[in-house]
Amino acid sequence: MTTLRIETDADLGRRNTLALPARAAQLATIRSLDEARALVADPRRRGLPRFVLGGGSNLVLCGDFAGLVLQAALSGRARTGEDAEAFYVTAGAGENWHDFVQWTLAAGHPGLENLALIPGTVGAAPIQNIGAYGLEVCERFAHLDALDLDAGELRRFDAAACRFGYRDSVFKQEGWHLSGRYLIVAVTFRLPKAWAPLTRYADVAAELDAAGVARPTAVDIAAAVTAIRRRKLPDPAAIPNAGSFFQNPVVAAEQAARLQAAYPALPTYAQADGRVKLAAGWLIEQAGWKGRNRGPVGMFEKQALILVNRGGARGADVRALADAVRADVQARFGVALAPEPIYFPAT
Ligand code: EPU
């Protein structure tokens, strides 16, 4: 028997890293696949709108939710396979991402070190294909298992089925992250045995240089990434935020060339498809928003791409600031910024 507990009128304010206030009519903490199956089979829950919550670190809560929130708390991590080229490690969707990365390193399986200290859970990582310092999680992804909450069946998604893109996957493309279609149960990563340090990213190279590390180990890289993140990015426990608030915009090569001619300092990154990614943080800073507040929210003084809650903000305050920043960047540079976090409930 499972002992599934359902909380009513649940507080979501302490379950999102922007600390925005909201309540859910019902909230179920899911600790096992059995609990998830029991919930799906329960006729009292049928027809209720659903939403799956992980660490709440990529979320703008816009108001109360009259449905059922599933808090994914499935735990466990283990090495689950090996072939000639790689080790495979699997973690429950509710595991804390950074703790999991540290665990892989302690177990002697490098490969995820560039993604150290990213907030959130293992289960949320593939949904927006988290990335940092020259690595995206899709490059270390084997497959994930998700419970189809409509059909009650477990489904395996390999990398192709996930349709990964920059901060994007099939879960976002199909709107499943908003409709609560799937509960990701566990994620399996492929960590190649032939390891090479990824130190292309200028900040990482500079950090290792400053520490006098010439031949970095994976643990050295994790330490460097952790130090950079601590310096530049606000700790959500101290200053509520959701990481980068906008995606770095990807524009046509001609538009990037025009902008670079006008603004030679604009950071640009050539993409494999010929388009060019621009640094949203730079655009926002140039538009005058770095360190500037609007009501109880503002753009962070050390990294203009991070929207922070200075205290007491609601979802509407976040939306108003995001819209103002977006309008100014559009007017000044002709570039449209798209938010990275999910607005929920959608309005
Ligand atoms: N920049 C500015 N002003 C700012 C912020 C940035 O001029 O206020 C410039 C920097 O000087 C640099 C460039 O913009 O030349 C890029 O900045 P940074 O290296 O800090 O990275 P980012 O592009 O702002 C992205 C990811 C982060 C990830 C870092 C490191 C996105 C939306 N953000 O930020 O991911 O940690 O690279 O790889 O892709 C997240 O997605 O939540 C996130 C934090």
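Rules used throughout
- Numbers given for residues are sequential positions, taken from 1 along each chain in its written order.
- For a predicted model such as this one, the threshold for reporting local features is a pLDDT of at least 70, and the threshold for listing and counting side-chain atom pairs is 80 or more; totals across whole chains, interfaces and linings nevertheless cover every residue.
- Calculation of side-chain values draws on the structure's entire complement of heavy atoms; hydrogens and water are dropped beforehand.
- Only DSSP runs of H or I with at least four residues qualify as helices, and only runs of E with at least two residues qualify as strands; both kinds are numbered from the N terminus onward.
- What the globule rule says is 2.2 Å times the number of residues to the power 0.38, and the radius of gyration is computed from C-alpha atoms.
- Remark: exposure states derive from per-residue accessible area (1.4 Å probe, protein chains only) relative to the maximum for the residue type, with buried under 20%, exposed over 50%, and partly exposed in between.
- Whether two residues touch is decided by their heavy atoms; if any such pair falls within 4.5 Å, the residues are in contact.
- Exposure was quantified through the Shrake-Rupley algorithm and a 1.4 Å probe, taking into account, for residues, occlusion by the shown protein chains and nothing else.
- His residues and chain termini do not enter the charge count, which takes Lys and Arg as positive and Asp and Glu as negative.
- We put the charge of a Lys on NZ, of an Arg on CZ, of an Asp on CG and of a Glu on CD.
- Whether a residue is near a molecule or strand depends on its heavy atoms: if one lies within 4 Å, it is near.
- Counted as a polar contact is a pair of N or O atoms within 3.5 Å, where, for protein atoms, one must be capable of donating a hydrogen and the other of accepting one, and residues adjacent in sequence contribute only when both atoms are in side chains.
- Ten residues, namely Ala, Val, Leu, Ile, Met, Phe, Trp, Tyr, Cys and Pro, are considered nonpolar, four, namely Asp, Glu, Lys and Arg, are considered charged, and the remaining ones, Gly among them, are considered polar.
- Nonpolar cores were defined as sets of buried Ala, Val, Leu, Ile, Met, Phe, Trp, Tyr and Cys residues, with membership established by side-chain atoms within 4.5 Å.
- Any carboxyl oxygen of Asp or Glu that lies within 4 Å of a side-chain nitrogen of Lys or Arg is treated as forming a salt bridge with it.

1. Quick look at the overall build of the protein chain
Phase 1: Along the protein chain, the regular secondary structure elements total ten helices and 20 strands.
Phase 2: Here the protein chain has a C-alpha radius of gyration of 20 Å; the compact-globule value for 347 residues is 20 Å, and the two agree.
Phase 3: Expressed as lengths along the three principal axes of its C-alpha atoms, the size of the protein chain is roughly 65 × 50 × 35 Å.
Phase 4: The 347 residues of the protein chain split such that 49% are buried.
Phase 5: Of the contacts formed within the protein chain by residues at least 6 apart in sequence, a portion of 61% connects residues at least 24 apart.
Phase 6: A total of about 15300 Å² of accessible surface is found on the protein chain, and carbon and sulfur atoms cover 50% of it.
Phase 7: One way to put it: in the protein chain the 39 positive side-chain charges average out to a point 3 Å from where the 35 negative ones average out.

2. Focus: the site of the ligand
Phase 1: Inspection of the region around the ligand gives 24 residues, with Tyr-133, Tyr-166, Tyr-201, Glu-285 and Ala-304 positioned closest.
Phase 2: At 3.3 Å from an oxygen atom of the ligand is found a side-chain nitrogen or oxygen belonging to Arg-229.
Phase 3: At 2.9 Å from an oxygen atom of the ligand is found a main-chain nitrogen or oxygen belonging to Ser-244.
Phase 4: Residue classes in the shell around the ligand are distributed as eleven nonpolar, seven polar and six charged.

3. Notes on the nonpolar core
Phase 1: Of all hydrophobic cores here, the largest spans 48 residues; its most connected members are Phe-246, Leu-278, Ile-284, Val-325 and Val-329.
Phase 2: The leading source of residues in this core is helix H10 (residues 315–333), at seven residues.
Phase 3: Sequence-distant contacts of Val-325, defined by excluding residues within four places in its chain, comprise Phe-246, Ile-284, Trp-289, Met-299 and Leu-337.
Phase 4: Core analysis: the next-biggest nonpolar cluster, separate from the first, contains 41 residues, Ile-130, Val-137, Val-187 and Leu-208 among them.

4. Quick look at the pattern of salt bridges
Phase 1: For the structure on display, the rule yields 20 salt bridges.
Phase 2: In this structure, Asp-150 and Arg-50 form a salt bridge, with 2.7 Å as the shortest nitrogen-oxygen distance. You can see Asp-150 sitting in the loop between strand S10 (141–148) and strand S11 (153–158) and its partner Arg-50 sitting in strand S3 (residues 50–53), a full 100 residues away along the chain.
Phase 3: Under the relative-accessibility criterion, Arg-50 is labelled buried at 18%.
Phase 4: For Arg-181, the salt bridge identified is with Asp-148, shortest N-O distance 3.0 Å. Of this pair, Arg-181 sits in the loop between helix H5 (176–179) and strand S12 (182–192) while Asp-148 sits in strand S10, and the two are 33 residues apart along the sequence.
Phase 5: Ionic contacts of the salt-bridge type, sharing partners, join the residues Arg-50, Asp-148, Asp-150 and Arg-181 into one network.

Coordinates in, geometry out; function isn't part of it.
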